[in-house]
Amino acid sequence: PMSGRLFAQRPAVPTSLVVDGPERLAVGSTLGEGGMATVRRGVQTNLGRAVAIKTLRDETPSGTHRLLQEARLTARLQHPNIVPVHEIVQGHGGELQVVLKEVKGELWASLMHQPAILRSRFGAEDALDWNLGVLSAICNALAFAHEQCVLHRDVKPTNVMVGRFGEIYLLDWGIAAVWGERTDPALAHVEDAPIAGTL
């Protein structure tokens with residue numbers, strides 16, 4: 001059959017381009033640090049793709065479990081305003097590494113009260129209108145998450161990144177949790193920590 005001939009003509013992938021194990025991820029400089037994790041620049045060597053790599057600052061069984069829960073939960077939320085999780089790998093020392101899309105930009109908190117910067121960088125003639133547009137994008141991400149029974153629980157301007165071309169991402173799903181029926185024990189549930197977030 002025709003499909004058999006097509007598969008037979010497919011060239012073999014050069015094995016020199018296929019890297020497996022910890023070597024497939026090159027870790028670089030630090031992008032930022034949070035309460036429990038550090039985010040570094042990285043490169044997926046197989047694809048030559050720039051990524052962000054999130055690792056724990058201090059490896060503990062409970063911290064590893066929380067980071068794994070965050071990665072699994074965020075990976076389920078494929079939405080234009082949520083940073084995609086590419087994969088989870090183990091580093092050279094066995095540490096958990098969450099590989100994310102690298103997002104270049106600035107925090108909404110540092111832009112929202114700067115009308116001159118908004119005008120020059122994004123062409124925003126009205127700062128309030130521009131900020132409402134950012135808020136609307138975040139509401140879309142939240143509405144999508146809520147449809148998946150996921151609560152972010154820490155929405156604030158310092159957890160929103162605005163990319164160089166106006167892309168908007170809701171960051172830091174570290175204390176996000178599902179509500180309703182407990183269907184997946186691998187995901188955090190609101191009953192595990194009913195009170196969470198920034199005061």
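Structural notes, computed from the coordinates. This one's a predicted model, so the numbers in the text were calculated from it and none came from an experiment. (Residues numbered from 1 in each chain as written. Predicted model: local features only at pLDDT ≥ 70, side-chain atom pairs only at ≥ 80, totals over all residues. Heavy atoms only, no water.)

Observations regarding the pattern of salt bridges
Where charged atoms from two side chains of opposite charge approach closely, those side chains can pair.
Link 1 in the chain: Tallying each qualifying case throughout the model produces 5 salt bridges.
Link 2 in the chain: The residue E106 makes a salt bridge to R121 at a minimum N-O spacing of 2.0 Å. A residue pair is termed long-range when its members are at least 10 positions apart, and E106 in strand β6 (residues 105-107) and R121 in helix α4 (residues 115-122) qualify at 15 residues.
Link 3 in the chain: The class of R121 is partly exposed, set by a relative accessible area of 42%.
Link 4 in the chain: Its salt-bridge partner being K156, residue D154 comes within 3.8 Å of it at the nearest N-O pair.
Link 5 in the chain: Residue classification places K156 among the partly exposed residues on the basis of a relative accessible area of 24%. (Salt bridge = Lys/Arg side-chain N within 4 Å of Asp/Glu carboxyl O. Helix = DSSP H or I, 4+ residues; strand = E, 2+ residues; numbered from the N terminus. Buried < 20%, exposed > 50% of the residue type's maximum accessible area, 1.4 Å probe, protein only.)

As for helix α5 (residues 127-147)
Link 1 in the chain: Look at α5: 30 Å from first C-alpha to last across 21 residues, which is about the 30 Å you get at 1.5 Å a residue.
Link 2 in the chain: Considered for burial, the residues of α5 that qualify are W130, N131, V134, A137, I138, A141, L142 and A145. Buried residues along α5 cover an arc of 135 degrees about the axis, so they all sit on one side. Counted as exposed and oriented over 90 degrees from the buried face of α5: L128, D129 and E147.
Link 3 in the chain: Among the structural elements, α3 (108-111), α4, β7 (150-151), β8 (160-163) and β9 (168-170) are those in contact with the buried residues of α5.
Link 4 in the chain: Where α5 begins, one side-chain oxygen reaches toward the backbone nitrogen of L128, 2.9 Å away; that side chain belongs to D126.
Link 5 in the chain: Count one or two residues on from α5 and you reach C149, which has phi positive near 65 degrees. (Expected span 1.5 Å × (residues − 1). Arc of directions from axis to C-beta. Contact = heavy atoms within 4.5 Å. Polar contact = N/O pair within 3.5 Å; in protein donor to acceptor, adjacent residues only side chain to side chain.)

What to know about the sheet that holds strand β5 (residues 96-101)
Link 1 in the chain: Strand order in the open sheet formed by 5 strands is β1-β2-β3-β5-β4, and the pairing between neighbours is antiparallel. Two strands close off the open sheet at either side, each with one partner strand: β1 (25-33) and β4 (85-90). Direction aside, neighbouring strands of the sheet carry axes that sit 30 degrees apart on average.
Link 2 in the chain: Relative to β5, strand β3 (residues 49-56) runs antiparallel, the two sharing 4 bridges. Of the residues in β5, the one forming a bridge with A52 is L100. (Pairing = 2+ DSSP bridges. Axes fitted to C-alpha atoms, helices over the stretch in contact; angles between N-to-C directions.)

Brief notes about the sheet that holds β8
Link 1 in the chain: Ordered by their spatial adjacency, 3 strands build an open sheet running β6-β8-β9, and the pairing between neighbours is antiparallel. Edge positions in the sheet fall to β6 and β9, since each has one partner strand and no second. Across this sheet, the average inter-strand angle for adjacent strands is 25 degrees, counted without regard to direction.
Link 2 in the chain: As paired strands, β6 and β8 are joined by 3 bridges and run antiparallel to one another. Bridging from a neighbouring strand, L107 pairs with M161 of β8.
Link 3 in the chain: Across the sheet, α5 is in contact with β8 and β9; its angle to β9 comes to roughly 45 degrees.

Thoughts on helix α2 (residues 61-75)
Note on helix geometry: an α-helix contains 3.6 residues per turn, so any two residues three or four positions apart are oriented the same way.
Link 1 in the chain: With 15 residues, α2 extends 21 Å from end C-alpha to end C-alpha; this agrees with the ideal 21 Å at 1.5 Å per step.
Link 2 in the chain: The set of residues buried in α2 consists of G63, L67, Q69, E70, A71, L73 and T74.
Link 3 in the chain: Where α2 is buried, its residues touch β3, β4, β5, β7 and β10 (177-178).

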